[in-house]
Amino acid sequence: MSILVWTWILTGLSFSLYIYIAYATRAKSTGDFYAAEQSVPPILNGMATGADWMSAASFISMAGLISFMGRDGSFYLMGWTGGYVLLAMLFGPYLRKYGKFTIPQFMGDRYYSNTVRVLALICAIFVSFTYVAGQMRGVGVVFSRFMGVSINMGVIIGMALVFFYATLGGMKGITYTQVAQYCVLITAYLIPAIFISMQLTGNPIPQLGYGSAINAAGAEMLQDPATQGKYLLDVLNGIQKDMGFGAYTSGARPRIDVWFITMSLMIGTAGLPHILIRFFTVPKMRDARSSAGWALLFIALLYTTAPAIAVFARTNFIKSIHNVEYSKAPSWFKNWEKTKLVGWKDKNGDGIMQIAKGAWDKPDTKNEVKIDQDIMVLANPEIAKLPNWVVGLIGAGGLAAALSTAAGLLLVISAAISHDLMKGIVKPDMSEKEELIWARAAAGVAVCIAGLFGIYPPGFVAQVVAFAFGLAAASFFPCILMGIFNKKANKEGALAGMAVGIIFVAAYIIYFKFVNPAFNNKDHWWFGISPEGIGTVGAALNFIVMYVVGKFTPEPPQEIQDLVGSLRYPGKLVVPPSAGH
Amino acid sequence: MSIHATKELQAYWKENLVIIAVHLAIWFFVSFFCGIMIVDQLDAYMIGGFPLGFWFANQGSLVTFVILIGTYVYMMNNLDKKYDVHEG
């Protein structure tokens, strides 16, 4: 059977599964809709968190991105996993003890202020829409590349599916579809990696394979007998140096920038509302701790495989294209040329494809080959000559990754509107039934807006993803952390800290990304910190301002300090004796 | 659990803070220190085909993160039992 048929079969099967689960787990109450009745077992919550977290970009683009960046790409790997250590120890259990439904609600209660709640809900909506735009586009792109459907049609199919299960099932439906989506996406990601690792090095574990020596079959696959018995990374380093790139295992970015980006991604991860709310769904505090552990285990399975795929794919790609006559190019190259993910321009007219440094379409470089980062995952199974069903899996996996993340984000938006804005501020006497209608309507509208972003992608999406992390790092992270670990953190401090953090990060990013993009390089950045890493500085400013302002303004009321005290212990004890007098 | 046991609970919280501090110190060491700050120096050593610093940045810190949450969960479950606040 052809790749197209396999992709349709596997995608069709996975979609039917999602629809069945959504129907079986539809929400009956607001508790169901926002927090799945706090009844999700930790291991399943870990899987759902993994799918929630791993987006279209993680699945399709990350390995390719790393393959171009070499060691510098590690900040994605460390940054997007290290945040879970913070979540497990600093946030998850205490938010679960708090036991309500949304992050703006927690912040409003903790800082006894509706202003804080509104500020938080605006941040939550902004961060989530920024993120979701890329997901819907991702759905369209996968449909168009693998299934011969237009991008717009793909977005609409994705919208219809998410609309169905997000409005019907709320958090409960989303959680259990995410569990299924995790299984689909991790299978789709691991199988090609395991096959390729076997082929090149004989080691079935990709995480070890890319640090192993190339075996006889691998050398044959690379059409270079001299590579047999050498370490794969040494071979890749050698190829890279011959072509004028730096060694793959060395870095080019200044260390201070890598440091700040890693920190920004970690604390940004720990401040993202769609991840934080997952901790509301488990039964107990200790389940919140262990579900963060499961989540990281499931995420690390993909994140430790990605750098292996990066090395396999880059070595394979260069060996099968560089210095090869175009007329003898492998069939996958010509197939993917149609999608414009790869391309060739014969600058020196010798009919041979040469890869080198620089842009392929500029006349002043020797590079003749266009390589889009996404090709490394999408075409990897074909490059390695794997069976068609494996290629078909990639489509189903990419869709699972994009849809699961989109659904989690849409729930944050829906809850921010129905629970925080409508029920919390505009109309507090609303009945539960009415709130549920608002929640479903808000989810429906949010799906449609996200779909529009997918069909008409705003040009600024790529630029504002840094914004989403920076904002989460500079606003949510410090306020939630201080809210739990410092009883004396007060309303005035939180408001001032958030304002300073948000304005600083926004100003820095807007200046370098929009006002003066020509200056966006390390000569002009403050202390060599790129806009991607500035969230770390914003968070530090937020902490300092919150602390200083808090010193000169009234302490929080006693009942708030008691609330903070009660978050710190499992069990029923909530009121320490001081409150009783 | 009685309402007058706040001293006990303060001790529980203090122990929790110490456990967190130790875990975060290791978290910082493997990623920010080994994976970024001294990565080039560590690259002088090899484990298998990996330069050591590169391995920490690519794999080692992630593996350590998973283990860290595991030990934190284990230690906190024991702490809950020690102070008799464990949930069912």
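Residues numbered from 1 in each chain as written. Chains lettered and ligands numbered in written order. Predicted model: local features only at pLDDT ≥ 70, side-chain atom pairs only at ≥ 80, totals over all residues.

**Structural notes on the overall build of chain B**
So the rule is basically this: The secondary structure listing takes helices from DSSP runs of H or I that are at least 4 residues long and strands from runs of E that are at least 2 residues long, numbered from the N terminus. Only the C-alpha atoms count toward the radius of gyration. The rule for a globule is 2.2 Å times the residue count to the power 0.38. Counting other C-beta atoms within 10 Å of each residue's C-beta, where C-beta atoms are placed from the backbone, gives the exposure class: buried for 20 or more, exposed for 12 or fewer, partly exposed between.
Secondary structure summary: chain B contains 3 helices and 2 strands in total. For 88 residues, the compact-globule estimate of 2.2 N^0.38 gives 12 Å, and chain B exceeds it by more than 25% at 18 Å. Overall, the C-alpha framework of chain B stretches about 55 × 25 × 15 Å when taken along its three principal axes. Here chain B holds 88 residues, and the buried ones make up 38% of them.

**Quick look at the overall build of chain A**
This is how it is decided: Whether two residues are in contact is decided by their C-beta atoms, placed from the backbone, lying within 7 Å.
In terms of helices and strands, chain A carries 23 helices and 4 strands. Taking the principal axes of its C-alpha atoms as reference, chain A extends roughly 85 × 55 × 40 Å. Relative to its 581 residues, chain A shows a buried fraction of 58%. Nonlocal contacts in chain A, meaning residues at least 24 apart in sequence, comprise 78% of its contacts between residues at least 6 apart.

**Some points on the environment of Phe-519 of chain A**
Residues and elements named next belong to chain A. Within the fold, Phe-519 resides in the loop between helix H21 (491-515) and helix H22 (534-551). The exposed category is assigned to Phe-519, around which 11 C-beta atoms lie within 10 Å. Spatially, the C-alpha atoms of Phe-519 and Cys-448 are 36 Å apart, while their sequence positions differ by 71 residues. Those residues in contact with Phe-519 that sit more than four places away from it in its chain are Phe-512 and His-524.

**Side note on the interface of chain A and chain B**
In plain terms, the rule: As a working rule, the residues Ala, Val, Leu, Ile, Met, Phe, Trp, Tyr, Cys and Pro are called nonpolar, Asp, Glu, Lys and Arg charged, and the rest polar, with Gly in that last group.
Contact residues are listed per partner, giving 44 residues for chain A and 39 residues for chain B. For the side of chain A that touches chain B, the secondary-structure elements that each account for two or more residues are helix H5 (74-98), helix H11 (232-242), helix H12 (255-270) and helix H14 (285-321) of chain A. By residue number, the principal contributor to the side of chain A that touches chain B is H14 of chain A, which donates 12 residues. When the residues that make up the side of chain A that touches chain B are grouped by side-chain class, the tally is 25 nonpolar, 12 polar and 7 charged.

**Quick look at the packing of helix H8 (residues 151-201) of chain A against helix H19 (residues 432-455) of chain A**
Residue and element names in this part refer to chain A. The line we're drawing: Every axis in this analysis is a line fitted to C-alpha atoms, fitted for helices over the stretch in contact. Angles between the N-to-C directions lie between 0 and 180 degrees. Reported orientations rely on four angle classes, namely roughly parallel under 35 degrees, roughly antiparallel over 145, roughly perpendicular from 65 to 115, and oblique for the rest. The hand of a helix crossing depends on one turn: near helix anticlockwise from the far one by less than a right angle means left-handed, and clockwise means right-handed.
At a minimum axis separation of 9 Å, H8 and H19 run at an interaxial angle of 165°. Regarding the angle of H8 to H19, the classification is roughly antiparallel. The element H8 and its partner H19 pack so that their crossing is right-handed. Residues Asn-152, Val-155, Ile-156, Met-159, Val-162, Phe-163, Ala-166, Thr-167 and Gly-170 of H8 pack against Ala-439, Arg-440, Ala-443, Gly-444, Val-447, Gly-451, Gly-454 and Ile-455 of H19. A per-class count over the contact of H8 with H19 returns 10 nonpolar, 6 polar and 1 charged.

**Considerations on helix H4 (residues 56-69) of chain A**
One turn of the α-helix equals 3.6 residues, which is why residues spaced by three or four share an orientation. Residue and element names in this part refer to chain A. Using the following cut-off: A helix is expected to span 1.5 Å multiplied by its residue count minus one.
Over its 14 residues, H4 extends 19 Å from the first C-alpha to the last, a length consistent with the 20 Å expected when each residue adds 1.5 Å. Counting buried positions along H4 gives 11 out of 14 residues, so the element sits mostly inside the fold. By the burial criterion, the buried members of H4 are Ala-56, Ala-57, Ser-58, Phe-59, Ile-60, Ser-61, Met-62, Ala-63, Gly-64, Ile-66 and Ser-67. Looking at the buried side of H4, the elements it contacts are H5, helix H7 (114-147), H8, H14, helix H16 (375-378) and helix H18 (388-426). Residue Gly-70 follows H4 closely and has a positive phi angle near 65°.

**Focus on the domain arrangement of chain A**
Residue and element names in this part refer to chain A. Heads up, the condition is: For the purposes of this description, domain bounds are those given by an automatic or database domain assignment.
According to the domain assignment, chain A consists of domain 1 (3-312 + 386-462) and domain 2 (317-376). Inter-centroid distance (C-alpha atoms) of domain 1 to domain 2 is 31 Å. Contacts between the two partners involve 17 residues from domain 1 and, on the opposite side, 10 residues from domain 2. Breaking the side of domain 1 that touches domain 2 down by element, the ones donating at least two residues are H4 and H14. Among the elements that take part in the side of domain 1 that touches domain 2, H4 stands out by supplying 7 residues, more than any other. Across the side of domain 1 that touches domain 2, the residue classes break down as 10 nonpolar, 5 polar and 2 charged.

**Details of unusual backbone geometry**
Residue and element names in this part refer to chain A. The phi torsion at Ala-36 lies on the positive side, around 50°, for a residue other than glycine. Mapping Ala-36 onto the fold places it in the loop between helix H2 (30-35) and helix H3 (42-53). Accessibility expressed as a C-beta count within 10 Å gives 26 for Ala-36, which makes it buried. Unlike most non-glycine residues, Tyr-112 shows phi in positive territory, near 35°. By secondary structure assignment, the location of Tyr-112 is in the loop between helix H6 (103-110) and H7.

**Some details on the confidence of the model for chain B**
What counts here: Looking at any residue, its pLDDT shows the predictor's confidence there, from 0 to 100.
The pLDDT averaged across chain B works out to 90; a share of 93% of its residues lies at or above 70. What the predictor reports for the complex is a pTM of 0.91 with an ipTM of 0.94.

**Focus on the nonpolar core**
Condition: Here a nonpolar core is just a set of buried residues of the types Ala, Val, Leu, Ile, Met, Phe, Trp, Tyr and Cys, joined wherever their C-beta atoms sit within 7 Å.
Core analysis: the largest hydrophobic core is formed by 225 residues, its most contacted members being Val-162, Leu-185, Ile-309, Ala-406 and Leu-410 of chain A together with Ile-69 of chain B. No fewer than three residues from each of domain 1 (3-312 + 386-462) and domain 2 (317-376) of chain A sit in this core.

**What to know about the packing of H14 of chain A against helix H3 (residues 52-82) of chain B**
With their axes 9 Å apart at the nearest point, H14 of chain A and H3 of chain B run at an angle of 170° to one another. When the axes of H14 of chain A and H3 of chain B are compared, the pair comes out roughly antiparallel. Contacts between H14 of chain A and H3 of chain B involve Arg-286, Arg-289, Ser-290, Ala-292, Gly-293, Leu-296, Leu-297, Ala-300, Tyr-303, Thr-304 and Pro-307 of chain A from the first element and Asn-58, Gln-59, Leu-62, Phe-65, Val-66, Ile-69, Gly-70, Tyr-72, Val-73, Met-76, Asn-77 and Asp-80 of chain B from the second.

**Focus: the environment of Phe-106 of chain A**
Residue and element names in this part refer to chain A. On the secondary structure map, Phe-106 appears in helix H6. Its 27 C-beta neighbours within 10 Å are what place Phe-106 among the buried residues. Not counting chain neighbours up to four residues away, the residues in contact with Phe-106 comprise Leu-95, Tyr-98 and Lys-100.

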